[in-house]
Amino acid sequence: MEVEVFIKNKEYQNLLKRLRERMRRVTDPQVFARLRRPKPIHRAHLTAPDGRASAKCFVRPRAIDLSRATWTIRDEDVTCKKCLAISADPCEA
Ligand SMILES: [Zn+2]
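Rules of the game
Residues numbered from 1 in each chain as written. Predicted model: local features only at pLDDT ≥ 70, side-chain atom pairs only at ≥ 80, totals over all residues. Helix = DSSP H or I, 4+ residues; strand = E, 2+ residues; numbered from the N terminus. Core = buried A, V, L, I, M, F, W, Y, C linked by C-beta atoms within 7 Å. Buried ≥ 20, exposed ≤ 12 C-beta atoms within 10 Å, placed from the backbone. Contact = placed C-beta atoms within 7 Å. Pairing = 2+ DSSP bridges. Axes fitted to C-alpha atoms, helices over the stretch in contact; angles between N-to-C directions. pLDDT = per-residue confidence, 0-100.

Focus: the overall build of the protein chain
Counting secondary structure elements, the protein chain contains three helices and three strands. Along the protein chain, helices and strands appear, N-terminal first, in the series α-α-β-β-β-α.

Now the structure itself:
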């Protein structure tokens, strides 16, 4: 009986240890930065005089959310897969 309690207590300790480890990993800024996906770079399709741009891959023109993505007019810098696919398609380009 005492052995069983000991084992359960040990399992519980291990579980706590794993949870603590996981929380440390997520809150560690370096790990968090690594987990975050890099911002995709869209190919600007339409640009407004005030600097707003819409991406080639957007079905309806809308301003790109710059906290989540950036844009370029240089085809070689585009990282968005959808924009690249549209640019590679001779019918769409
Ligand atoms: Zn795109």
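Observations regarding the nonpolar core
Of all hydrophobic cores here, the largest spans six residues; its members are Ala-53, Ala-55, Trp-71, Val-78, Cys-80 and Cys-83. Discounting residues that sit within four places of it in the chain, Val-78 has contacts with Ile-41, His-42, Arg-43, Thr-72, Cys-83, Leu-84 and Ser-87.

A word on the sheet that holds strand E2 (residues 53-55)
On the basis of which strands lie adjacent, the open sheet formed by three strands has the order E2-E1-E3 and mixed pairing. Since the sheet does not close on itself, it has two edges, and those belong to E2 and strand E3 (70-72), each with one partner. Across this sheet, the average inter-strand angle for adjacent strands is 65°, counted without regard to direction. Examined bridge by bridge, strand E1 (residues 41-47) and E2 share three bridges and lie antiparallel to one another. Bridging across to E2, Leu-46 finds its partner in Ser-54.

Focus: the environment of Arg-62
Structurally, the position occupied by Arg-62 is in the loop between E2 and E3. What makes Arg-62 exposed here is the crowd of 12 C-beta atoms within 10 Å. Considered as a pair, Arg-62 and Thr-47 are 15 residues apart in the sequence and their alpha carbons are 9.8 Å apart.

Notes on the confidence of the model for the protein chain
Scored by pLDDT, the protein chain comes out at a mean of 85, with 80% of its residues at no less than 70. Per-element confidence in the protein chain ranges from a low mean pLDDT of 67 for helix H2 (residues 29-35) to a high of 96 for E2.

Topic: the pairing of E1
Here three bridges tie E1 to E3, and the two strands are oriented parallel to one another. By the bridge assignment for E3, His-42 is matched with Trp-71. Between E1 and the antiparallel strand that follows it, E2, lie five residues; Gly-51 among them carries a positive phi value of about 100°.

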